[in-house]
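Architecture at a glance
For reference, the chains in residue letters:
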Amino acid sequence: YPDWVVSMSDGDWRRLGELTEQSHGLAVTHLKNQIPATIELQRRAMSQGALAASAFGAGFGGSVWALLSPTTRLDLPQGSFVTSPSIPLTVIGG
């Protein structure tokens, strides 16, 4: 994903979010390796202001990562994991 790397390097978070959304969507529609929990966590993260979010792992489970601005806070289901809010790259779900 050269475009993803360029977007990250340039700080083009809007483009990074678009590319990540496209990738996650293809995992759902074409690979069909996502479960309702990872689909919902990704959707919740994006709807609450994440710059980008996607499921990752081996499929059929796994986790969801979300890239947040330093001021974004997520309201997640009980049992979700969030690293320190001072770290912009936050892992959720799992």
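What counts and how
- Residues numbered from 1 in each chain as written.
- Predicted model: local features only at pLDDT ≥ 70, side-chain atom pairs only at ≥ 80, totals over all residues.
- Heavy atoms only, no water.
- Helix = DSSP H or I, 4+ residues; strand = E, 2+ residues; numbered from the N terminus.
- Buried < 20%, exposed > 50% of the residue type's maximum accessible area, 1.4 Å probe, protein only.
- Expected span 1.5 Å × (residues − 1).
- Contact = heavy atoms within 4.5 Å.
- Axes fitted to C-alpha atoms, helices over the stretch in contact; angles between N-to-C directions.
- Parallel < 35°, antiparallel > 145°, perpendicular 65-115°, else oblique.
- Left-handed = near helix turned anticlockwise from the far one by under 90°.
- Nonpolar A, V, L, I, M, F, W, Y, C, P; charged D, E, K, R; others polar.
- Core = buried A, V, L, I, M, F, W, Y, C linked by side-chain atoms within 4.5 Å.
- Phe/Tyr/Trp six-rings, centres within 6.5 Å; stacked < 30°, edge-to-face > 60°.
- Salt bridge = Lys/Arg side-chain N within 4 Å of Asp/Glu carboxyl O.

For G62, the location among the structural elements is in the loop between β1 (52-56) and β2 (63-67). Its relative accessible area of 43% is what places G62 among the partly exposed residues. A C-alpha to C-alpha distance of 7.5 Å links G62 and T38, two positions 24 residues apart in sequence.

Our focus in this paragraph is helix α2 (residues 13-31). Along its 19 residues, α2 runs 25 Å from first to last C-alpha, staying within 8% of the 27 Å computed at 1.5 Å per residue. The secondary structure elements touched by the buried residues of α2 are α1 (2-10), α3 (36-47), β1 and β2. One or two steps after α2, the chain reaches K32, where phi turns positive at roughly 55 degrees.

With that settled, consider the packing of α2 against α3. The geometry of α2 relative to α3 is characterised by a closest axis approach of 11 Å and an angle of 160 degrees between their N-to-C directions. Here α2 is positioned roughly antiparallel relative to α3, judged by the angle of their axes. Viewed along their axes, α2 and α3 form a crossing whose handedness is left-handed. Of the residues in α3, those in contact with E21, H24 and V28 of α2 are T38, I39, Q42 and M46. Classifying every residue of the contact of α2 with α3 by side-chain character gives three nonpolar, three polar and one charged.

L41, A45, A50, A53, A55, V64, A66, L68, L74 and L76 together form the largest nonpolar core, which totals 10 residues. Those elements that place two or more of their residues in this core are α3, β1 and β2.

Applying the stated criterion across every chain yields a total of one aromatic pair. A centroid spacing of 6.3 Å and a plane angle of 90 degrees characterise the contact between W4 and W65, whose relative ring orientation is edge-to-face. Placement of W4 in helix α1 and of W65 in strand β2 is noted, with a sequence separation of 61 residues between them.

So, about the pairing of β2. Within β2, five of the five residues are buried, leaving the element largely enclosed by the surrounding structure. Residues S63, W65 and L67 point to one face of β2 and V64 and A66 to the other, with burial holding for every one of them.

A word on the pattern of salt bridges. If you walk through the whole model with that rule in mind, you get five salt bridges. One salt bridge in this structure joins R15 and E18, with 3.4 Å as the shortest N-O distance. One end of the pair, R15, and the other, E18, are both in helix α2, three residues apart, so they sit about a helical turn from each other. Classification of R15 by relative accessible area gives partly exposed; the value is 29%. Judged by its relative accessible area of 36%, E18 is partly exposed. Across the pair R44 and D75 runs a salt bridge whose closest N-O atoms are separated by 4.0 Å. Highlighted residues: R44 in helix α3 and D75 in the loop between β2 and β3 (89-92), separated in sequence by 31 residues. Several salt bridges share partner residues, and in doing so they unite D3, R14, R15 and E18 into one network.

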